[in-house]
Amino acid sequence: MRPIFVTFAAAMANDSNRKIIIKTPEQIAGIRESGKLAASTLAYLKPLVQPGITTAYLDKKCKEFIFDHQALPATLHYHSFPSSCCTSINDVVCHGIPDNKTVLRDGDILNIDVTTIYNGYFGDTCTMFKVGEVSAYASNLMKVAKCCLDEGLKQCYNGNRLSNIGKAIEKHARANGCSVVFEFCGHGVGLSFHEEPEVCHNSETHRDYTLKPGMVFTVEPMINAGKARTKIDKWDNWTARTIDGKLSAQYEHTLCITESGGPEILTLEMEDLVEF
Ligand code: MF3
Ligand code: CO
Ligand code: CO
């Protein structure tokens, strides 16, 4: 997730040096391979998600798996982020840092977000895991978040406006009594971690574009059970939590806009992990 730092006016003033890279077929093939590896990393971690294990253990296994596949975890040392994945539990919206004091407990919902660099290409995906048995309330939030991602993806076609993604996501979230995080958004990805454009998940898009074939970006809505606002833990300057302590859930795909029809999902293997 890319935090929004710029105001609308500042973004407009910067227009000329903010460019969306249209990827070549060769680059798309490279991002597809990396995206597949990122999703396989999540699949590898899934059986390890059990009550009693620490998030540091998940991070260790994540790092091993990615290195064993001749790739690098993009989050490691990214703006000093210390880990190979983000582990965000319950009220943590995103950017949770794995550590050896955080033990998974029965009933937790956990997001693991993995970004790989493979042959120089970036693939970014995340999904939700249940730790043991979770409440119907938590499970429903996960379902709403996944449907929000799917609603956003339906808007990812040649000629459509970028802002329709966030509008569709917000509509689905609101219809289900949930709110959409606006302080972090999706992003162009592929040749580097966070590229243009910023992909807002609500209806207040900062900058709009017409979608074109070869655009590669993420859609990764963070959906809250309560209020939309987040706060960052001051002791690590990373962990983003819901302001009211209520649950948050998130799913993420990397996709490519095609000539006609829907998007090509470059992290499709993540779908196999979805369960509510
Ligand atoms: N993978 C996250 C995203 O979806 C970004 C994590 S940045 C980190 O964009 F520094 F926190 F790792
Ligand atoms: Co992302
Ligand atoms: Co991600």
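Everything below is about the structure shown above.
Throughout what follows, the structure given in this document is the object of discussion. The shown structure was predicted, so the numbers you read here are calculated from the model rather than taken from an experiment.

The rules behind these values
Residues numbered from 1 in each chain as written. Chains lettered and ligands numbered in written order. Predicted model: local features only at pLDDT ≥ 70, side-chain atom pairs only at ≥ 80, totals over all residues. Heavy atoms only, no water. 1 Å grid on protein atoms, 1.4 Å probe; cavity = no way out; pocket = protein on both sides within 12 Å on 5 of 7 lines; lining within 4 Å. Points joined across faces, edges and corners; volume = space filled by probe spheres on them. Nonpolar A, V, L, I, M, F, W, Y, C, P; charged D, E, K, R; others polar. Helix = DSSP H or I, 4+ residues; strand = E, 2+ residues; numbered from the N terminus. Contact = heavy atoms within 4.5 Å. Donors = N, O, S within 2.8 Å, 3.2 Å for Na, K, Ca; no water. Tetrahedral: all angles 85-135°; square planar, octahedral: opposite > 155°, others 65-115°. Near = heavy atom within 4 Å. Polar contact = N/O pair within 3.5 Å; in protein donor to acceptor, adjacent residues only side chain to side chain. Areas by Shrake-Rupley, 256 points an atom, 1.4 Å probe, with all protein chains shown as cover.

1. Some words on the layout of surface pockets
The probe, sized like a water molecule, is rolled over the atoms to show the empty space still left.
At step 1: A volume near 230 Å³ is recorded for the second largest pocket.
At step 2: Lining the second largest pocket are 15 residues, with Ile97, Asp99, Thr102, Thr239 and Arg241 sitting closest to its centre.
At step 3: Its residues placed into classes, the lining of the second largest pocket shows five nonpolar, five polar and five charged.

2. Here we look at the environment of Cys86
At step 1: With respect to the element layout, Cys86 can be found in strand β3 (residues 86-89).
At step 2: Once the C-alpha coordinates of Cys86 and Gly123 are considered, the two residues, 37 residues apart in sequence, prove to be 14 Å apart.
At step 3: When neighbours within four sequence positions are excluded, Cys86 is seen to be in contact with Thr75, Phe81, His95, Gly96, Asn111, Ile112 and Asp113.

3. Let's talk about the coordination of the cobalt ion (ligand 3)
At step 1: Looking at the cobalt ion (ligand 3), one finds its protein donor set to be Asp113 (OD), Asp113 (OD), Asp124 (OD) and Glu252 (OE), positioned 2.1 to 2.4 Å from the metal centre.
At step 2: Coordination geometry of the cobalt ion (ligand 3): the six donor atoms subtend angles of 58 to 169 degrees at the metal centre, consistent with an arrangement described as irregular.
At step 3: Donor residues binding the cobalt ion (ligand 3) come from one chain and are separated in sequence as D-x10-D-x127-E.
At step 4: Distance-wise, the cobalt ion (ligand 2) is placed 3.3 Å from the cobalt ion (ligand 3), both being coordinated by Asp124. Residue Asp113 is found in strand β5 (residues 109-118), and its partner Glu252 is found in the loop between β14 (248-250) and β15 (253-256); the two are separated by 139 residues along the sequence.

4. Some points on the site of ligand 1
At step 1: Around ligand 1 lies a shell of 15 residues, among which Met1, Thr75, His187, His194 and Glu220 are the nearest.
At step 2: Within the contact set of ligand 1, an oxygen atom lies 3.1 Å away from a side-chain nitrogen or oxygen of Asp124.
At step 3: At 3.0 Å, a side-chain N or O of His187 approaches an oxygen atom of ligand 1.
At step 4: Within the complex, 99% of the 330 Å² of free accessible area of ligand 1 lies under protein.
At step 5: Here the shell around ligand 1 is built from residues that sort into six nonpolar, five polar and four charged.

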